[in-house]
Structures are given as structure tokens and as C-alpha cells.
Amino acid sequence: MSGRLYGVGLGPGDPELVTVRTARLIGEADVIAYHAARHGRSIARSIALPYMRAGQIEELLLYPLTTETTDHPGGYQGALDDFYADCAERLAAHLDAGRTVVVLAEGDPLFYGSYMHMHKRLAHRYPTEVVPGVTSVSAAAAVLGRPLVERDEVLTVLPGTLPAQVLAERLRDTDSAAVLKLGRTFGKVRDALAEAGRLDDAWYVERATMGAERVAPLKDVDPDGVPYFSLALLASPAERTFVPERPADEGRGEVAVVGLGPAGRPWLTPEAQEALAAATDLVGYGPYVDRVAPNPRQRRHRTDNRVEAERARHALELARDGARVAVVSSGDPGVFAMASAVLEAAADFPDVPVRVVPGLTAAQAVAARAGAPLGHDYCVLSLSDLLKPWEVVADRLSAAARADLVLAIYNPASRSRTWQVAAARDLLLEHRAPDTPVVIGRDVGGPQESVTVTTLGELDPGQVDMRCLLIIGSSTTRATEGGVVYTPRRYP
């Protein structure tokens, strides 16, 4: 079997800008090949050196000439063609022997790189892969801190070896430009920029990301000593258009009432994640605020669970002053949570926009864990009598039971409310059979999750606390021997 050829881009010069893939391939290669001028020093090898290992075969591909004259019968191009053919055959010998050959290329292998001459001669003969690298153009824009192009602008990349008139025409007709291969062409390129009326906007970048990096307005650069590894850059014209900073309270304030779902990020909708990420302030019951990952950019306003009205007004006041507020609720904010409180208080803040971001409810989460007990008509009730009299709770329980609805019961018990579960069970038994399936879901989605399937007659109030949700089946709800609970969609 033949070996495999890789052309790998090393980036503009800083070894830390070598891609992870290129670094790995360099370390694994049998043969490392690289081009160099007659002096034998290779910038590519110096960049790759941290990733090379002892014992690798090195193939130095030494150019026979750069800008010199030659007596080769085919002239300058003929001499280079013979050189590339010889290099290709040297690498082919390794490939035929089954060795992996990595050819190093500064920048990107197929962007004005020497590797492409090997690629054209070998890629059709051997398995070949090209690994892209950061180009000098990208590096120059990065060190300048100026964008290359924006929106519909056009970037033109030019070699400085083009005729002066062609350079001027291209530079005149483009938005942004990079002119490479300066060195001896620098004077011509500067004249072309001046003729195109772009000299004052041009920047000179030398050895971008390397230790000897140099950046200057191009018109101030002395032509003597300009190296080949430099370029002229015309950045995006839009980079000179600075957008004025918008005051913090101008057109930004809003309140998003966000449902966090029953527990954890997997239960959080993308819309809720977006609202949380955009917020400047988080407002909510302390344990719910704590479920949102800390971000030092955001202010966190943790409150007690019994101050919903005050919490809502505080959020609206923050938004009125320009903050983007996320009021967080467990589950869905519209189900026994903060949406109603915020919308009620919003009547006094007509200029503050309020939106409700839905979340997965506890009833849905518990039902999914148990099977499909909410497969037919169902009713959602809270057993808490803090905001409504127990008589109302009892009447609604009886009405739902008489209507043969499945019940999802929130807030069944707390430290101060210990008798309501037993009272609710007794009321329901007046209308439901004792073997009616009951699901007790506790901390669903959380670390202490448990789902218990029992019957209405055997329901033990001692198993139920504030972190539980109860689902009481209807006359058609079924529980299988495997503990799956479902309510058929057809009603007899």
C-alpha cells in the first residue's frame, strides 16, 4: 500500500495558530517536507518545530533560484518546473514505500503556496488530504483590529508582481484589498495605491503574528528592507463608521417572564435560553434564580417565595429604567407562577413591554415519566389555600371528580399545610373508585427524582410534600403491571 500525502497549513507564523489537526499530523508523519530558499532557512519548519518529533525524516526542498537569472534552456519557469518535478519524485519515493508525507506550508496550502505544485503532481497518484490554515490576510486584519469586509463589500487579493497599471485599476474598483508578495514590489504597489486614490487608507503589515511583527500606515514605510513576508491592506470602508453607543435606558427595557421547566438545562426551551442570555437582571424566588448559571454581567435579585406582587413591581421598575429583566419561574410561568402577578402589576407600567416565555410544566414532566395519564381531558388544581379559601378548593375538587376528569394537583403540601392531601383524597373517594391510579412525582428531572404509582385508596399523605405533584386518574385511566399509567383517548 502507498503512503498518504498531506498538505498542511501552518498559519501566518505564530505556532499557536497551527490547527489541532495540523499539529497532530505533523507529530504522526514519517516524512516532513518543506521548501526553502538558497540560504536553507525554512520559516515553515520553524513554525512546525514544536510539533515535530525526533527520528522523523526531513526533506528539504531547496529552490534553485528566487529572483536570479538562469541559463536554463526553459528560462526561469523551466528551471522551476524541473525543480518541482524533482521534488515530487523525491516525495513519491517515500509514498511508494508506504510512508506518510506531510508537506508544510505557511498560511494556507492552496493560497499562493508552494505546496500546490506538489499537489498538482501527486494528488492524482496517492491518497491526499489538504488541511487549511489561517492566511496572512486574515492575520493582518486581526493584528490591525480592522474588518476586511462587511455585508456586501468585495475583497480583492492581488499579488504585488502584477503590472502597476493593473494594480491601480483593481485597487480603484474594489472595497477592500490585500496586496501580497511585496518585497521588491513595494515601491510599485505604493505608487499604484496613490494612483488609485487609496494610499491614505492603506496599512502595511510585516510578519503578522511573529516576534518581529510590524504595523504602520503604508505611506510612512521606507521601501528599503521591506521583506517578502509583508502585505498591504485596505480594510473595509465601513470600519471608519463608528456606531454611537446607545444609552442603557434607550429602547431596551422589557420584562420576560421565563419558564425554567421542572429542572435542569435539558428541560429549558431554546426561547427561554435566549431570554436568559439577553437579560441584564434576573428576578425571582431564590432557588429558581439559583438554577440559572451565574454570569457576572447580570444582576441577580433573589426574593422570598411569598412576595410575588413586590417581586413583579420590582422587575417592572428595573425595566422602566432600561434593564432587560428575566423573571424566572419553575415549570411554566403561566401555571401557578409569576406571569399573572407581572401582568397584573404591569397595568401601572403601560410603557414597559412584557412577554411570557413558556416552559415545560411539572404536570407534563410527571405524566411523561409515568406514561400518558393526561391522554384525555384533565384539570389542573392547586391544593394551596394561601390565596383562596379551602372551600373553593374543595368545591373544585368535587366538581372535577364528578366530571370524571384526570386531576393534576400542584402544591399538595408544605411544612405548614399537612392535612390537605388527606382531605382531598377523601373528597375524591366520594366520586372515584379506590383502585383509581395515582401518580406521585417528586423532584422530576432533579437529582432526587422518584415516581410512585399507587391507588387513590392506598394514597399515603405522608409520602407527599411540596416538591411533589399528584396525578389522580379518571374512571378510564389504567395502570399496567409494569407501572405504566395511561388514559385512553376514547371515552365510553
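Per chain, residues are indexed from 1 in the order of the written sequence. Local features in a predicted model are, by the rule used here, given only for residues with pLDDT of at least 70; side-chain atom pairs are given and counted only at 80 or more, and totals for whole chains, interfaces and linings are based on all residues. Excluding hydrogens and water, the side-chain figures rest on all heavy atoms present in the structure.

A few words now on the packing of helix H10 (residues 308-320) against helix H11 (residues 338-345). Every angle, taken between N-to-C directions, lies between 0 and 180 degrees, and every axis is a line fitted to C-alpha atoms, over only the stretch in contact when it is a helix. Strands here mean DSSP runs of E at least two residues long; helices mean DSSP runs of H or I at least four residues long; both are numbered from the N terminus. Direction vectors running N to C along H10 and H11 enclose 60°, while the axes themselves pass 9 Å from each other. With respect to each other, H10 and H11 are oriented oblique. As H10 runs across H11, the sense of the crossing is right-handed. Mapping the contact onto sequence places Glu308, Arg311, Ala312, Arg313 and Leu316 in H10 and Met338, Ala341, Val342 and Ala345 in H11. Any angle that falls under 35 degrees is termed roughly parallel, while one over 145 is termed roughly antiparallel, one within 65 to 115 roughly perpendicular, and all others oblique. Take the far helix as the reference: if the near one is turned anticlockwise from it by less than a right angle, the crossing is left-handed, and if turned clockwise, right-handed. Whether two residues are in contact is decided by their heavy atoms: any pair within 4.5 Å suffices.

Using a 1 Å grid laid over the protein atoms alone, points where a 1.4 Å probe fits but cannot get out form a cavity; open sets with protein on both sides within 12 Å along at least 5 of 7 lines form a pocket; any residue with an atom within 4 Å of a point counts as lining. Grid points are joined across faces, edges and corners, and a volume is the space filled by probe spheres set on the points. Going through the model one piece at a time under the given rule, you end up with 2 cavities of 30 Å³ or more. When its volume is computed, the largest cavity comes out at roughly 40 Å³. Together, Glu254, Ala256, Ala275, Ala278, Ala279, Arg324, Val325, Ala326 and Arg355 line the largest cavity. Contributing elements (two or more residues each) for the lining of the largest cavity: strand S11 (254-259), helix H8 (270-278) and strand S14 (324-329). By residue class, the composition of the lining of the largest cavity is 6 nonpolar, no polar and 3 charged. Looking at the second largest cavity, its volume works out to about 30 Å³. Looking at the second largest cavity, the residues that line it are Ile409, Val421, Ala424, Arg425, Leu428, Leu456, Leu459, Leu470 and Ile472. The set of elements that each furnish at least two residues to the lining of the second largest cavity consists of helix H14 (420-429) and strand S21 (468-472). Ranked by residue count, the leading element in the lining of the second largest cavity is H14, at 4 residues. Partitioning the lining of the second largest cavity into residue classes produces 8 nonpolar, no polar and 1 charged. Residues are sorted three ways: Asp, Glu, Lys and Arg are charged, Ala, Val, Leu, Ile, Met, Phe, Trp, Tyr, Cys and Pro are nonpolar, and all the rest, Gly among them, are polar.

Strands are treated as partners if at least two bridges between them are detected by DSSP. Read from one edge of the open sheet, 5 strands run S6-S7-S10-S8-S9, paired in mixed fashion. Only two strands of the sheet have a single partner each, and these edge strands are strand S6 (155-159) and strand S9 (214-217). When strand polarity is set aside, the average angle formed by the axes of neighbouring strands in this sheet is 20°. Strand direction decides the pairing type here: strand S8 (residues 202-206) and S9, joined by 4 bridges, are antiparallel. Of the residues in S9, the one forming a bridge with tryptophan 203 is proline 217. Set on the sheet, helix H6 (residues 164-172) makes contact with S6, strand S7 (176-180) and strand S10 (230-234); between it and S6 the angle comes to about 170°.

Bringing the pattern of salt bridges into the picture now. By definition, a salt bridge exists where a carboxyl oxygen of Asp or Glu is found within 4 Å of a side-chain nitrogen of Lys or Arg. This structure, assessed with the given rule, holds 20 salt bridges. Linking arginine 324 and glutamate 254 is a salt bridge whose minimum nitrogen-to-oxygen distance equals 3.6 Å. Placement of the pair is arginine 324 in strand S14 and glutamate 254 in strand S11, with a sequence separation of 70 residues. Salt-bridge contacts for aspartate 281 lead to arginine 299; the nearest nitrogen and oxygen are separated by 2.8 Å. Remark: arginine 299 occurs in strand S13 (residues 299-303) and aspartate 281 occurs in strand S12 (residues 281-285); sequence separation between them is 18 residues.

Our next topic: a nonpolar patch on the surface. Nonpolar side chains (Val, Leu, Ile, Met, Phe, Trp, Tyr) within 5 Å and like charges within 9 Å form the patches, drawn only from residues with over 30% relative accessible area and no salt bridge. Where accessible areas are quoted, they stem from the Shrake-Rupley method and a 1.4 Å probe; at the residue level, only the protein chains shown are allowed to cover. On the surface, a cluster of nonpolar side chains totalling about 260 Å² of accessible area is made up of Phe336, Tyr378 and Val380. Relative to the helices and strands, tyrosine 378 resides in strand S17 (residues 378-382). A simple rule labels every residue: compare its accessible area, found with a 1.4 Å probe on the protein chains alone, to the largest value its type can have, and call it buried under 20%, exposed over 50%, or partly exposed in between. Overall, tyrosine 378 belongs to the partly exposed group, its relative accessible area being 39%.

Moving on, we come to the pairing of S14. Among the 6 residues of S14, 5 are classified as buried, and the element is accordingly described as predominantly covered. Bridge count for S11 against S14 is 6 bridges, and the pairing is parallel. Each residue of the ladder has a partner; that of valine 255, found in S14, is valine 325. Taken together, the 3 bridges between S12 and S14 define a ladder with parallel strand orientation. Residue pairing for S14: aspartate 281 is matched across the bridge by valine 325.

This paragraph deals with the side chain of threonine 436. Looking at where threonine 436 falls in the secondary structure, it is placed in the loop between H14 and strand S19 (437-442). Of note is the side chain of threonine 436, whose polar atom sits 2.7 Å from the backbone oxygen of alanine 433. Residue contacts for threonine 436: discarding those within four places in its chain leaves Thr454, Thr455, Leu456, Ile472, Gly473 and Ser474. By the criterion applied in these results, polar contacts are pairs of N or O atoms within 3.5 Å in which, for protein atoms, one can donate a hydrogen and the other can accept it, and in which residues neighboring in sequence qualify only through two side-chain atoms.

Let us look at the nonpolar core. Counting residues in hydrophobic clusters, the biggest one holds 24 residues, and the most contacted among them are Leu383, Leu397, Leu407 and Ile472. Of all elements in the fold, only S17, helix H13 (390-402), strand S18 (406-410), H14, S19 and S21 reach the threshold of two or more residues within this core. Counting residues per element, this core draws most heavily on H13, which supplies 6 residues. Aside from chain neighbours lying at most four places away, what touches leucine 383 is Trp390, Val393, Leu397, Ile409, Tyr410, Asn411, Pro412, Arg417, Gln420, Val421 and Ala424. Grouped together as the second largest cluster of nonpolar side chains are 22 residues, Leu5, Ala33, Val103 and Tyr126 included. Take the buried residues of types Ala, Val, Leu, Ile, Met, Phe, Trp, Tyr and Cys, join any two whose side-chain atoms come within 4.5 Å, and each joined set is a nonpolar core.

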